Every structure is written in C-alpha cells, then in structure tokens.
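Okay, here's what each chain looks like letter by letter:
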Amino acid sequence: MKTNGGCRRIRAFGGSRLALLWRRMAQKKYLQAKLTQFLREDRIQLWKPPYTDENKKVGLALKDLAKKYSDKLECCENEVEKIIEEIRCKAVERGTGNEHYKATGIATIEVFLPPRVKKDRKNLLETRLHVTGRELRSKIAETFGFQENYIKIVINKKQLQLGKTLEEQGVTHNVKAMVLELKQSEEDVRKNSQVEEEEQNEAKLKEKRIQRTKRGLEILAERAEMVVDPETTPYLDIANQTGRSIRIPPSERKALMLAMGYHEKGRAFLKRKEYGIALPCLLDADKYFCECCRELLDTVDNYAVLQLDIVWCYFRLGQLECLDDAEKKLNMAQKCFKNCYGENHQRLVHIKGNCGKEKVLFLRLYLLQGIRNYHSGNGEEAYEYLNKACQLFKELYIDPSKVHSLMQLGFSAQEARLGLRACDGNVAHAAAHVTSRREKLDQIRKEEKEKKRRRLENINCLKGMGYSARAAKQALHQASGNLEEALQILLSHPQMWWLNDSGPETNSHQESPSRETIDQLVYMGFDAAAAEAALRVFRGNVQLAAQTLAHNGGSLPPDLQLSAEDSSATPPTSPSDSAGTSSASTDEDMETEAVNEILEDIPEHEEDYLDSTLEDEEIIIAEYLSYVENIKSATKRN
C-alpha cells in the first residue's frame, strides 16, 4: 500500500547485541531441527555403535557424519559436529532414563522453566507416576527454587490437577511439563524481606484473580439459564456475526458460554501481555469447547481463533517446543476458518459484504505457521508462510493519518481501523461503512431487547398460572417463544411442573390440601378423590390442579398418580430456613465483584478480536525473515 508517495516497508529487527543473541539462538534451533530431520530420514541411531561406544562415549564415526551433513547444509563442520554431539548426549540420556523407568517405575519428566530463569530452561526431573499433582508441583518448586503456591504446571496442554495422581491425568514417562510463574517480577527472588513480601502478595492476588475469573464466568453462565431482567442483571448471551442471538441446545449452552467467557478473559490478559495468566484461561476455554458438538464449532470462528491464541501464547512465553501439537492446532484453525468462512471467504462476504477485517487472523496464522516450520527445520516452507504474512501485512497496514481523519469525525480508533480494512483503506467508504454498521447494530439491539422483554413477560405469565420459571422457560423454548403453544405443552405434559426452581429435594414432598381447596375443585365438577390427589401433586395450587384434571378428562395421568405412602408425606421444617443474612450478603458482594471483573474484560465491540495494530506481528515477521535470509546467505557464501 502506498503512503505519502512512498512504499510502506516492514520495520527491520534491531541490530542490538540482544537481537544478535536471539538470531544465533534461532539459527541454532533451526540447525538442530534440520539435523534431527536428517538423522530420522537416514535412520541413524546415535545412542548405538558406531556413534556411541560401550562406555557411552562418543564414537569416531560421529566425525564422518558431521562432515556429511555439513556438506549437505553447506555450513561449518565444527558447529554441525557440536550440535550432533548434543543430540547424541540427549539420546543417550533418554535411553538411560528408559532403562531406569523399566527397571524401577520411576519416570522422567522434561521440565521447561520460565524465561527469567538463568539456568538451562530445559531440565529433567524424576518422579513416580502414582504421586499427586500437588506432590509434583512441590517437588518442582523445591528442585528449581520456586514458591510452591505461585506456580502452575501445564502438561499435555492441560493444567495439572493437584488432587489427582499423575497416572489419572495421563502423565507418562518422558512427558514435557511447562512451569508458569504467577509473579510479574522477572528478577531473581530478592533478599530484601519487604520486597519479597510484596511479591508474594502480588502472586496471591494473581491466584485470586484466576479463581474470581472462574467464579464470575460460572455465575454469568448460570444466569443465561435463569430468568433475569436484562435491564437490571448482567448476563452473557451468544450472538452470530450480525449481532443476533443464537439458539443453542441447552445441553451445550453452558459449556459454550464458559468456553467463550474463558477465551475473552484469556484475550484480555494477552492484550496486557500477561501470558502466564492468559494460558490457563485459554486452555480452560479449549477444554469447554471440546464439550460442544463438532457441527457447532464449524459454524463459528471462535474455536479457530482460540487455536491461534494458544499457539501465540506458547510462542510469546518462549515455550513453543512444549506444544507438541502446534501444527495440529494451526491446521485445525485453518480448517475451521474454511468451514466457517467458505472456500474463498464467499460465505463471509455474503454475510458481511467484505472479508478485509478477517484477513488479520490469516496474517497471524501464516506467521505462526512460518515460525513453526522454521523451528522444525523446514526453511523453504518457513519462508513461504512468512512471505505470505509479509504480503498480508503490507495489504493490511493502515496509514495513521487516515485513522486520525476518521477519529475527527467522531469514530473510535478501533472503528477506524476495522472500517478502513473493510473498505481497502478508503476513508469516505470506511466512514459510511462504520455509520451503517452502527445503525444496523442499534436496530438489532432494539429488536433483541424487545424479544427478551416479551420472553420475560411470557415467563411471568406462565409463572402467574402456577408454573415454575424453569418449567415455563423450557416450554417456551420448545414452542419457539409462542405463549399459547407453550401453555399447551405444559398442559399435555403436567410432569413438567416438577421442573421446580428450588431443586429436587423440595419436590419430593406433597402437602395435605385444605378442605376449602378440595371443595373448590368439587364445585367445578371434579371428583373429590381426584381433586385431593391433584392438589397433593401440585401442592395446593388450585389453578394447576384444575387445568390438569380438565385436560385429562377429570383424572390425573398415570405418571402423576401418587401412592398412599407418597401422598401422606409432609414437608419437614428446616431450622436453617431462617439463617442470618450476614454471610449471604458477603457472598453476594464477592459474586458481584467476580462478575464485574469479567464484564470489564468483555469488549463492547463484537469485532474486537479482529482489531490489531499489527505492531508485534510487524517486528516478528521481520525478525524471522532475517533468520531465513541469513540461512540463504550462508548457503550462498559456502
């Protein structure tokens, strides 16, 4: 894209000593991956003769192997020999660990430490698999100098559960474990006790934030299943790409609510670059998404975006090698985008009229695919993906002066960026696009608000007839919101009355009806015995009893006819019914705090996930392109 008469170029990665160090580390990782690839292709077993002798020392044949591969790679023979020896030592170490595990049952876990740790970030730890997650966490903390309560362990892309054994959680010999530190400080533990105490308090606050996140999301998900007044009670709803509410099967609604809630919270932490807290939220989101049916995930792009966010988080934590299935996650994201948007984005264009904003997601996808291929030793594939990301960046780059022009018209910076990308950088078209979108969304919100108001009125109407809110809600769901049809459903299925809001423990008791209520039903023409039985079932509710008897020819349906023993039961009184309000009030305050913290991180703009300045991506593209170019240059020189 042309700007100010010149061509926009990607900012080059800095030439500082730190940048040079990172470049060398990246080049070494690339060589390691490439040599490992060659060894697999040639079926070389470095831990066996002639590369390793009987004393597990290096064999003479290793030098010949280094010469062969250095010629193939056209790089320094000594460097290749050094890396092959490192690979051989790790293979011997792993073989020794395998023999030890078979003989003793003691497993080896590869522990990846946080970036701030000065020692080797990849370390081995021995443990038995019948120990609990809590015991493993304690051992890791003691071995590597962490405070036990301020670390989280991720194994097999899941948070380690403290109360279960490693075996129960699928932990095996030679598994990889990543340590996430809850402290924000990147310095070593200071000797100053006051500062140390502050750091501990900070870590405690982080842990509390994670727990509040969990509770807040659970409350909001539960409210979606309840009957609440949208004017006074915050709750979560699921909308499609146009902003209209989606009807989700009740069996999957809560899981999807929790998945999307955890994802939004994780994204909020990603924006603040708090990757250590973001990852557990994203992994929890992945867990809940997996409880939803495949067809549902193929209709929304949320799951694809989550896969990108998880891989991005591992990358920013410097632990991409811990994510064994990075390729699988990126392929899954690509497949979901294809199913959701269409082969050539035709479905997306049909719904939204353009696909400019969604290209941001593909830029990150290509970038991560390039990084993964680079670290896997696939230089050509890495260059291909990185180049695609680079081209997309140039296409999506936005002239700051255009954003400023739109902001002067009263639009936010986010609206300006999204509008410009949707309209290929045309300011006038972007202004019209954002204005039109605002008007459509306002109209949709009014319609959705009216639908919720009518639904609440219908539920209250059915409650006024004696049905519970839960029964009313279920009947209306089956009747697609039609009040008359919902009433017929309830009359045809009187057992739905047992869907009581107060829980099953209060549903098992039938009160003895008063003489007055029995006489009322008899006066209406019903048999006295049938009237008494109906009133016992419906706990004295004359209206429901009359409706049910009338609908069923003057008698109760078989599944509601009670035995003499059941009908004689009387509800017990509970001394806890008049419990004090002090603790309840405290719990309510804590719940309000948890909910508000969640709501603060849920963006107002439903396309927030498509908005990015692309500043980080710009630097990383240039960085990894320079790595690939250096490999090409070295090859040409040699």
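Conventions used here
Residues numbered from 1 in each chain as written. Predicted model: local features only at pLDDT ≥ 70, side-chain atom pairs only at ≥ 80, totals over all residues. Heavy atoms only, no water. Buried < 20%, exposed > 50% of the residue type's maximum accessible area, 1.4 Å probe, protein only. Helix = DSSP H or I, 4+ residues; strand = E, 2+ residues; numbered from the N terminus. Pairing = 2+ DSSP bridges. Arc of directions from axis to C-beta. Contact = heavy atoms within 4.5 Å. pLDDT = per-residue confidence, 0-100. Disulfide = S-S within 2.5 Å. Core = buried A, V, L, I, M, F, W, Y, C linked by side-chain atoms within 4.5 Å.

Participant: Got a sec to walk through the pairing of strand 3 (residues 106-112)? Specific residues and values, please.
Facilitator: Most of strand 3 is tucked away: seven of the seven residues are buried. Residues of strand 3 alternate between two faces, with Ile106, Thr108, Glu110 and Phe112 on one and Ala107, Ile109 and Val111 on the opposite face, all of them buried. Looking at chain direction, strand 3 and strand 7 (residues 176-181) are connected through three bridges and run parallel. Its bridge partner lying in strand 7, Glu110 is registered against Lys176.

Participant: I'd love a proper account of helix 20 (residues 515-523), names of residues and values included.
Facilitator: Here helix 20 has its buried residues at Thr517, Ile518 and Leu521. Along helix 20, the residues classed as buried sweep out an arc of 100 degrees about the axis, all on the same side. Along helix 20, exposed side chains directed more than 90 degrees from the buried face belong to Arg515, Glu516 and Tyr523. As for helix 20, its buried residues are in contact with helix 21 (528-537) and helix 22 (542-551). Directly after helix 20, the chain includes Gly525, whose backbone phi takes a positive value near 110 degrees.

Participant: Requested: an account of the confidence of the model for the protein, with residues and values cited.
Facilitator: Looking at the protein as a whole, its pLDDT mean stands at 78, while 74% of the residues score no less than 70. Confidence drops under pLDDT 50 across residues 184-196; counting only partners more than four residues distant or on other chains, this segment forms 16 contacts.

Participant: Describe the state of the cysteines, listing the residues and the values that go with them.
Facilitator: This structure, assessed with the given rule, holds zero disulfides. Cys76 forms no disulfide, and the closest cysteine sulfur to it belongs to Cys75, at a distance of 7.2 Å. Residue classification places Cys76 among the partly exposed residues on the basis of a relative accessible area of 40%.

Participant: Quick one: what's the story with the nonpolar core, residue by residue and with numbers?
Facilitator: Counting 77 residues, the largest nonpolar core has Leu279, Tyr314 and Phe337 as the members making the most contacts within it. Ranked by the residues each element gives to this core, the list is headed by helix 9 (residues 302-316), at eleven residues. With residues near it in sequence (within four places) discarded, Phe337 still touches Asp301, Ala304, Val305, Leu308, Gly342, Leu361, Phe362 and Leu365. In this structure, Leu490, Leu521, Ala530 and Ala545 belong to the second largest nonpolar core, which totals 29 residues.

Participant: Provide a residue-level description of unusual backbone geometry, including the pertinent values.
Facilitator: The omega torsion of the bond from Pro49 to Pro50 falls at 10 degrees, within 30 degrees of zero and hence cis. Mapped onto the elements of the fold, Pro50 is located in the loop between helix 1 (17-41) and helix 2 (61-73). Positive phi outside glycine occurs at Asn174, with the angle close to 70 degrees. Position of Asn174 among the secondary structure elements: in the loop between strand 6 (158-159) and strand 7. Note on Asn174: relative accessible area 23%, which makes it partly exposed. The backbone of Leu614 sits at a positive phi, close to 65 degrees, despite the residue not being glycine. Tracing the backbone shows Leu614 in the loop between helix 24 (582-601) and helix 25 (615-637).

Participant: Pulling in residues and values, what's your account of helix 15 (residues 413-422)?
Facilitator: Summarising burial for helix 15: nine of the ten residues are buried, a large majority. For helix 15, the set of buried residues is Gln414, Glu415, Ala416, Arg417, Leu418, Gly419, Leu420, Arg421 and Ala422. Residues of helix 15 that are buried in the fold lie against helix 12 (359-375), helix 13 (379-396), helix 14 (400-408) and helix 16 (427-464). Looking one or two places after helix 15, you find Asp424, whose phi comes out positive at around 55 degrees.

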